[in-house]
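# A look at the structure
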Protein chains: 2
Amino acid sequence: MARYAIGVDLGGTNLRAAAVDSSGKLIERLSGRTNLAAGRDAVVGDIVDSILRLRTACGDGGLAGIGVAVPGIIEMRRGIIRESPNLPGFNDFPVRDEIERRLQAPVHLENDANAAALGEKWVGAGRDVDDLVLLTLGTGIGGGIICQGKILHGSLGMAGELGHIQVVPHGNPCACGGHGCLEKHASATAVSLMARLMGLGDNLTSEEVYQLAVQGNSAAHVVFATMGRALGVALADLINIFDFPLYLLSGGALAAWDFFAPSMFEEVRRSSYVYRYSKPRIDKAELGKDAGLFGAACLPFMA
Amino acid sequence: MARYAIGVDLGGTNLRAAAVDSSGKLIERLSGRTNLAAGRDAVVGDIVDSILRLRTACGDGGLAGIGVAVPGIIEMRRGIIRESPNLPGFNDFPVRDEIERRLQAPVHLENDANAAALGEKWVGAGRDVDDLVLLTLGTGIGGGIICQGKILHGSLGMAGELGHIQVVPHGNPCACGGHGCLEKHASATAVSLMARLMGLGDNLTSEEVYQLAVQGNSAAHVVFATMGRALGVALADLINIFDFPLYLLSGGALAAWDFFAPSMFEEVRRSSYVYRYSKPRIDKAELGKDAGLFGAACLPFMA
């Protein structure tokens, strides 16, 4: 009987789970909402229910393990979420042990961007390389680093906080305490803010700014060119640091690739001589919102 | 008979070689000048002579191998120096194969800052950890990354070009093509330049600026505080990226530690929440100019 793993991707909005076989083939999936209003215990209950339903559907025998991806800063060894703006109530909660207790089965906990990077390495745009960096462009910016086929964790599991690379000193203040962090200058939130500052409108979403760019609005073009330069500064740093063959971008902002990519590549070419020598690929991720789900399912096979 | 390796550290000024046993104990060392005026072939001849003298002194039987550290950007697989401002004439020269040909023995070629990081990991300030980052503060700034006990190389071997992390966008233009690179704002060269811009004198060395700081000169204090902030920006990025337990600084500028460290730590504490959570050590390297020599000697034992 083929072995499979169960992956769960817990977001602030959606709770998704899937059974995936050892070759990365999807067997079965479940999608639902993350019911934060019902409280933390109810959300944990929903996670456990999803896992049990998939286990029942696929059978106990071939289950290699369970992986759970969560947003926020996690402490690997203790299996806790240290801080998660998107999951109020989960701060310092031993989520791994609690799910294990309810399931009576071992669980691998992972940061969602790390899981997404692993998913892309396993069955996505990174399947042909052993080393890659992923930037997830959303409300904030997350990051995951795959080094020699494995997630780079660092001491506590906090490695890959790439949204907080400083790209504009004395730039926008960030909740992390820094200024000019990448996510303050290249996230969807940053696109909306720049659009407002440029008089495009008070409450435009990044999608609406993108539509304006499509219609030829030159201020919207400037917004995305600025975003691209910020990404280029961070990517140039990452390329000079890692000399990896592949750097992936994911998230809704990919729609605007044609508007931000030219200034991004220009900045990388100018600022990174390792880029000019080594000619790594900078590309779109392939798995979209499923990257974290596949990565979570991959965790038990890596252990 | 105890096994030993021979390490060579080829700098723009000095050529040093040593025989080191497998526990990291120095057996014998040689020091000389790098005679660039005599041309590349003569320098390679001096390297080979040094190795032969050590091999004769220590005996052929226990020789585990030979490691050579060189400044500049190297391409690992081909064993060539792609670009080295400090070794004119060596650009694109297959230095590894040439030394191997003359010695009839295999040689490991490595970038000098990478070798220094490995040396500190082996017998220096990093001997108790598996993961560390080293910044070498000299005329320029180099870097080496040790990940899980090994040098992080990247695709071609160019990883760790940490002197080119951007700390001041639109800052000082750098020979690499970028602007505001760390080494343009925190190297000995940068200290001299800042001192000139602040009217301290036209051709002060960083050592002389340090002496002014010791004497209480407030402009010299500002120079080192500025250097510290630039280092802090780069270190905050590195800590957010790696979450490693140890970050080491080496080079002559360490003498000015008391003048640049306060603003460096202030910037890191402010800008890196991974630092605040993970509390890594930021410290002085221990091996001084011998770090690269020990690292070069360590290479054969790692292979």
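All values derive from a computational prediction rather than experimental measurement. (Residues numbered from 1 in each chain as written. Chains lettered and ligands numbered in written order. Predicted model: local features only at pLDDT ≥ 70, side-chain atom pairs only at ≥ 80, totals over all residues.)

By convention, interface size is frequently given as the accessible area that disappears when the constituent parts associate. With 35 residues of chain A at the contact, the number on the chain B side is 36 residues. Sorting the residues of the side of chain A that touches chain B by element identifies α7 (218-242), α8 (257-271) and α9 (273-278) of chain A as the ones contributing at least two each. Of the residues contributing to the side of chain A that touches chain B, the split by class is 20 nonpolar, 10 polar and five charged. (Contact = placed C-beta atoms within 7 Å. Helix = DSSP H or I, 4+ residues; strand = E, 2+ residues; numbered from the N terminus. Nonpolar A, V, L, I, M, F, W, Y, C, P; charged D, E, K, R; others polar.)

On to the relation of the copies chain A and chain B. With an RMSD of 0.0 Å, the fit of chain A onto chain B corresponds to turning through 180° and sliding 0.0 Å along the axis. Considering both components of the superposition, the chain copies are consistent with a two-fold axis. Both copies contact each other with a shared surface, as 100% of the interface residues of chain A are interface residues in chain B too. (Least-squares fit on C-alpha atoms with pLDDT ≥ 70 in both.)

This brings us to helix α5 (residues 188-197) of chain A. All of the buried residues in α5(A) are Ala188(A), Ala190(A), Val191(A), Ser192(A), Met194(A) and Ala195(A). Gly199(A) lies just past α5(A) and shows a positive phi near 75°. (Buried ≥ 20, exposed ≤ 12 C-beta atoms within 10 Å, placed from the backbone.)

One finds Val68(A) and Val68(B) to be the most contacted residues of the largest nonpolar core, which totals 213 residues. Those residues in contact with Val68(A) that sit more than four places away from it in its chain are Val8(A), Leu10(A), Ile47(A), Ile99(A), Val107(A), Leu109(A) and Ala296(A). (Core = buried A, V, L, I, M, F, W, Y, C linked by C-beta atoms within 7 Å.)

It is worth spelling out unusual backbone geometry at this point. All names here are of chain B. For Asp92, which is not glycine, the phi torsion reads 65° and is therefore positive. By the secondary structure assignment, Asp92 is in the loop between β6 (80-83) and α2 (95-103). Non-glycine residue Lys279 carries a positive phi angle of around 50°. If you trace the backbone, Lys279 turns up in the loop between α9 (273-278) and β12 (281-284).

Attention now moves to the sheet that holds strand β4 (residues 63-70) of chain B. Residue and element names in this part refer to chain B. Read from one edge to the other, the open sheet built from five strands follows the order β3-β2-β1-β4-β7, with strand pairing classed as mixed. The sheet is open, and its two edges are formed by β3 (26-33) and β7 (107-111), each paired on a single side. Sheet twist, expressed as the average angle between the axes of neighbouring strands with direction ignored, equals 15°. As judged from the six bridges shared by strand β1 (residues 4-10) and β4, these two strands associate in the parallel manner. Among the inter-strand pairings, Ile6 is bridged to a residue of β4, identified as Ile66. Across the sheet, α2 is in contact with β4 and β7; its angle to β7 comes to roughly 150°. In the packing of helix α10 (residues 291-302) onto the sheet, the strands contacted are β1, β2 (14-21), β4 and β7, and the crossing angle to β4 comes to about 135°. (Pairing = 2+ DSSP bridges. Axes fitted to C-alpha atoms, helices over the stretch in contact; angles between N-to-C directions.)

Let's shift gears to the environment of Ala159(B). Looking at the element boundaries, Ala159(B) is found in the loop between β10 (150-151) and α4 (183-186). Residues Ala159(B) and Pro173(B) lie 14 residues apart in sequence; the distance between their C-alpha atoms is 21 Å.

Okay, the environment of Asn114(B) next. Residue and element names in this part refer to chain B. Note on placement: Asn114 falls in helix α3 (residues 112-123). Remark: the alpha-carbon pair of Asn114 and Leu134, spanning 20 residues in sequence, is separated by 8.2 Å. Once residues within four sequence positions are removed from consideration, Asn114 is found in contact with Gly144, Ile151 and Gly160.

Residue and element names in this part refer to chain A. Per the domain assignment, the segments making up chain A are domain 1 (4-118 + 290-302) and domain 2 (130-285). For domain 1 versus domain 2, the distance between C-alpha centres works out to 27 Å. Those elements that provide at least two residues to the side of domain 1 that touches domain 2 are β5 (73-75), α3 (112-123) and α10 (291-302). By residue number, the principal contributor to the side of domain 1 that touches domain 2 is α3, which donates six residues. In terms of residue class, the side of domain 1 that touches domain 2 is built from nine nonpolar, one polar and two charged. (Domains from an automatic or database assignment.)

The next point concerns the confidence of the model for chain A. Looking at chain A as a whole, its pLDDT mean stands at 95, while 99% of the residues score no less than 70. Overall fold confidence (pTM) sits at 0.94, and the ipTM for the predicted complex is 0.92. (pLDDT = per-residue confidence, 0-100.)

All names here are of chain B. Buried residues of helix α6 (residues 206-214): Ser206, Val209, Tyr210 and Ala213, and no others. Take α6 and look down its axis: the buried residues cluster within an arc of 105°, on one side only. Those residues of α6 hidden inside the fold are in contact with α5 (188-197), α7 (218-242) and α8 (257-271). Within two residues after α6, Gly216 carries a phi angle of roughly 95°, on the positive side. (Arc of directions from axis to C-beta.)

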